[in-house]
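# Structural features, examined
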Amino acid sequence: MNELRDLYQEVVLDHARRPRNFGAIHGPSHRAAGHNPLCGDKVTVTLTIADGRVADVRFEGGGCAISMASASLMTEAIMGKTEVEVRAMFEEFHAGLTVTDEGAALSALAELDKLAVFAGVREFPVRVKCATLPWHTLVAALDHVSEPVKTE
Amino acid sequence: MTAMQPLTNLRELDVARIRQDFPIFSQPVHGKRLVFLDSAASAQKPRSVMEAERGIYETAYANVHRGVYSLSQRATSEFEAVREKVRRLLNARETREIVFVRGATEAINLVAQSFGRAFLSAGDEVLISHMEHHSNIVPWQMLREEKGVQLRVAPIDDAGELDLETFEKLIGPRTKLIALTHVANALGTVVPIERVIRLAKEHGIPVLVDGCQAVPHQAVDVQALDCDFYVLSGHKLYGPTGIGVLYGKAELLQAMPPWQGGGDMIRSVTFEKTEYNELPWKFEAGTPHIIGAIGLGAAIDYVQSIGYDAIGVHEDALLAYALRELSKINSLRIIGQPRHRSGVISFALGDVHPHDIGTILDQDGICVRAGHHCAQPTMDRFGVSATARASFGIYNDRDDVDALVAGLGKVQEMFRL
Ligand SMILES: Cc1ncc(COP(=O)(O)O)c(C=O)c1O
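One numbering rule holds for all chains: residues counted from 1, following each sequence as written. Each chain takes a letter, starting from A, and each ligand takes a number, starting from 1, following the order in which they are written. For this predicted model, a pLDDT threshold of at least 70 governs which residues receive local features, and a threshold of 80 or more governs which side-chain atom pairs are given and counted, while totals over whole chains, interfaces and linings are taken from all residues. The side-chain quantities take in all heavy atoms of the structure and omit both hydrogens and water.

## So, the domain arrangement of chain B
Residues and elements named next belong to chain B. Segment limits for the domains were obtained from an automatic or database-derived domain assignment. The domain boundaries assigned to chain B delineate domain 1 (15-45 + 307-415) and domain 2 (51-304). One C-alpha centre belongs to domain 1, the other to domain 2; they are set 28 Å apart. Here a residue-residue contact requires only that any non-hydrogen atoms of the pair lie within 4.5 Å. Taken together, the 39 residues of domain 1 in the interface contact 36 residues of domain 2. Both faces combined, the contact of domain 1 with domain 2 buries some 3000 Å², and carbon together with sulfur accounts for 53% of it. Together, Tyr308, Ser342 and Arg381 form the three largest contributors to the area buried by domain 1 at its contact with domain 2, with a combined 24%. By definition, a salt bridge exists where a carboxyl oxygen of Asp or Glu is found within 4 Å of a side-chain nitrogen of Lys or Arg. Taken together, domain 1 and domain 2 are joined by two salt bridges. Two parts placed together each lose some accessible area under a 1.4 Å probe, and adding up what both lose gives the buried area.

## Observations concerning the pairing of strand β15 (residues 387-391) of chain B
All names here are of chain B. Classification of residues uses two cut-offs on accessible area relative to the type maximum, computed with a 1.4 Å probe and protein chains only: under 20% is buried, over 50% is exposed, and between them is partly exposed. Only DSSP runs of H or I covering at least 4 residues are called helices, and only runs of E covering at least 2 are called strands; the numbering of each starts at the N terminus. Counting buried residues in β15 gives five out of five residues, a clear majority hidden from the surface. Across the two faces of β15 the burial is the same, with Thr387, Arg389 and Ser391 and Ala388 and Ala390 all buried. As judged from the four bridges shared by strand β12 (residues 344-349) and β15, these two strands associate in the antiparallel manner. What sits directly across from isoleucine 345, in β15, is alanine 390. Here three bridges tie strand β14 (residues 369-371) to β15, and the two strands are oriented antiparallel to one another. Each residue of the ladder has a partner; that of arginine 369, found in β15, is arginine 389. Here, strands pair whenever DSSP counts at least two bridges between them.

## As for the nonpolar core
Counting residues in hydrophobic clusters, the biggest one holds 77 residues, and the most contacted among them are B:Leu90, B:Phe167, B:Ile178, B:Tyr230 and B:Ile394. Ranked by the residues each element gives to this core, the list is headed by helix α11 (residues 290-306) of chain B, at nine residues. Looking at this core, you find at least three residues from each of domain 1 (15-45 + 307-415) and domain 2 (51-304) of chain B. Not counting residues up to four positions away in its chain, the partners in contact with B:Phe167 are B:Leu127, B:Ala154, B:Leu162, B:Ile178, B:Leu180, B:Val196 and B:Leu199. Definition of nonpolar core: a set of buried residues of the types Ala, Val, Leu, Ile, Met, Phe, Trp, Tyr and Cys, connected through side-chain atoms within 4.5 Å. Counting 73 residues, the second-largest nonpolar core is a separate cluster that includes A:Val45, A:Phe124, A:Ala141 and B:Val368.

## Details of the interface of chain A and chain B
Each partner contributes to the interface: chain A provides 19 residues, whereas chain B provides 15 residues. A buried area of about 1600 Å², summed over both sides, lies between chain A and chain B, and 54% of it is on carbon and sulfur atoms. Linking chain A to chain B there are four salt bridges. Taking the shortest distance from any N to any O, the salt bridge between A:Arg5 and B:Glu413 comes out at 3.8 Å. For this analysis, a polar contact is any N or O atom pair within 3.5 Å, provided that within protein one partner can donate a hydrogen and the other can accept it, and provided that sequence-adjacent residues contribute only side-chain to side-chain pairs. For the interface between chain A and chain B, the tally reads nine residue pairs in polar contact (both at pLDDT 80 or more). Looking at the side of chain A that touches chain B, the elements with two or more residues in it are α1 (2-7), α2 (10-17) and α3 (65-78) of chain A. Ranked by residue count, the leading element in the side of chain A that touches chain B is α1(A), at four residues. The residue makeup of the side of chain A that touches chain B, split by class, is 12 nonpolar, one polar and six charged. Nonpolar residues are Ala, Val, Leu, Ile, Met, Phe, Trp, Tyr, Cys and Pro. Charged residues are Asp, Glu, Lys and Arg, and all others, Gly as well, are polar.

## Some remarks on the pattern of salt bridges
Counted under the stated rule, the structure contains 40 salt bridges over all chains. One salt bridge in this structure joins B:Glu146 and B:Arg117, with 3.0 Å as the shortest N-O distance. With a gap of 29 residues between them, B:Glu146 in helix α6 (residues 138-147) and B:Arg117 in helix α5 (residues 104-119) connect regions that are remote in the sequence. Of the residues examined, B:Glu146 reaches a relative accessible area of 43% and is grouped as partly exposed. On the basis of relative accessible area, B:Arg117 is assigned to the partly exposed category, the value being 44%. We note a salt bridge from B:Glu278 to B:Arg267, for which the minimum N-O separation is 3.3 Å. Taken together, the positions of B:Glu278 in the loop between β10 (274-276) and α11 and B:Arg267 in strand β9 (residues 266-269) put the pair 11 residues apart, joining distant regions of the chain. The class of B:Glu278 is partly exposed, set by a relative accessible area of 44%. Since its relative accessible area comes to 47%, B:Arg267 is described here as partly exposed. It is possible to trace a salt-bridge network through shared partners that takes in A:Asp14, A:Arg18, A:Arg20, A:Glu76 and A:Lys114.

## Description of the sheet that holds strand β11 (residues 332-335) of chain B
Residues and elements named next belong to chain B. Across the sheet, four strands lie side by side as β11-β12-β15-β14; this open sheet has antiparallel pairing. This sheet does not close on itself; its edge strands, each paired only once, are β11 and β14. Here the average twist between neighbouring strands, direction ignored, is 35°. Working convention: axes come from line fits to C-alpha atoms, limited for helices to the stretch in contact. Angles between N-to-C directions cover 0 to 180 degrees.

## What about empty space enclosed by the protein?
Residues and elements named next belong to chain B. Site definitions follow a grid-based scheme: protein atoms alone, a 1 Å grid, a 1.4 Å probe that fits but cannot get out for cavities, and for pockets an open set with protein on both sides within 12 Å along at least five of seven lines, plus lining residues having an atom within 4 Å of a point. Grid points are joined across faces, edges and corners, and a volume is the space filled by probe spheres set on the points. Summed over the entire model, instances satisfying the criterion amount to one cavity of 30 Å³ or more. There is about 40 Å³ of room inside the largest cavity. Contributing to the lining of the largest cavity are Ser39, Ala40, Ala43, Gln213, Pro216, His217, Lys236, Tyr238, Phe392 and Gly393. Taken together, the residues that form the lining of the largest cavity break down as five nonpolar, four polar and one charged. Taken domain by domain, the makeup of the lining of the largest cavity includes at least three residues from each of domain 1 (15-45 + 307-415) and domain 2 (51-304).

## Some details on α6(B)
Residue and element names in this part refer to chain B. Among the residues making up α6, those that are buried are Pro139, Trp140 and Leu143. All buried residues of α6 project into a common sector of 100° when viewed along the axis, lining one side. Remark: glycine 148 follows α6 within two positions and exhibits a positive phi of approximately 75°. The arc in question is formed by the directions pointing from the helix axis toward the C-beta atoms.

Set out below in structure tokens:
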């Protein structure tokens, strides 16, 4: 039960229930769709970059609590950041969930303030993709990848 | 009613004893007793299946249909004996109507590629239903790409029942094959396949029945059904993966061209001309899954030693109990309310995503399936992207249902439903 509490922390449940920045930007500068075929999680990220910074970012879609909360917290975390900073955050988040060295992983996550709540996902390897899907989709948007992103 | 009680008890399965036949149940999950409610995806295996496979390896293993030496002859006769077991299981007329394949998926692809390519042409129609597994959708779509064959889909109603009236209307002069599931894997609907086949016969249309989810739960008689093809996967019938069965009426199989080419499926080969083997080997190119077939034979023996009557009584009572207990959970919605259900219950719990349900239940050793169950059109029909699904087998009992209900209570607590 404790591992479950670490996974489904209050912040996670709150963001899953009441996602922030939910919706789509009309005429965004970047856009990408992501899909996890295993569980059907779907997310579309739109963002506008102005003067080198994220001026606005929204997401829409549906999926499990982990993917929804991750998307919601991601939009809050990257607002106002430069593209370089956003990509660095993705690297840290990804490392935080996937690197086997727990110390290294947790220190990567610690850099990310609120996003550190996803540390609990590490104990649930099949759920890592749920948390990283919004981020992969975000990076695809930045890369202007037009094919939908798949986590498989 | 009270007079019936002892009789019912007599026929009740001794689940505790059955569980002892399945080694996996002696191993805890996350320190908890394993509550396995995902047999519809793949069933657990009894020890006798493992022992049969090991036994062949240890005493009678060689390639089949090849050697003149006695070991190969023994392997061949053990392998072919399973074909006879399958024939009896399905009550097919002849053993040559039983083709070993990898599973239901391969069986349907075989029919699509062999029967479909040979006998269907552009504009001809294949009629399926809205609650098919992807394996009974995609092979026909591939045929559509290749040959311009049309796919017609019979609707289902809100209960998850086939809409028979519309189904009948969809049968037309161009309908050349009806391919339907016997039991829908995402909903548990038992399709009134007898009526469907009767209707089809009135129009002279061959029928393929996907029996994957039926054979683990009920006796099937392909002659009584008068279906033209019947397919199943061994691993859902407590047997190994990688082995399944295509039953086809001899005259149809005879008329169909081979699907894959290679060894075993030929009688003679020269570079100018190859003569194909007779049924069923015409459809079994290459070294078959010998050990898989042996395991399947042991699985059939095991199921028959318990008996479909006893299995039916036990599982019907268990399903009724599960439906009753699950219905008591507020915010739980059962997806599909068919009059006649077998094996599975799909459900949603408030707004909690099935994957979250699956993760939380897993911590208590409870295995349920969460996802679209390879039946995305079914999910779309009910306006969901995924469901949680509990499915039942001979080793499940009320304790498993109670564990599921308690586990769902934890999900509610976690998500404050
Ligand atoms: C109704 C139905 N048809 C076909 C299949 C495909 O079986 P297999 O994957 O063993 O080929 C399944 C398996 O889930 C099924 O439930």
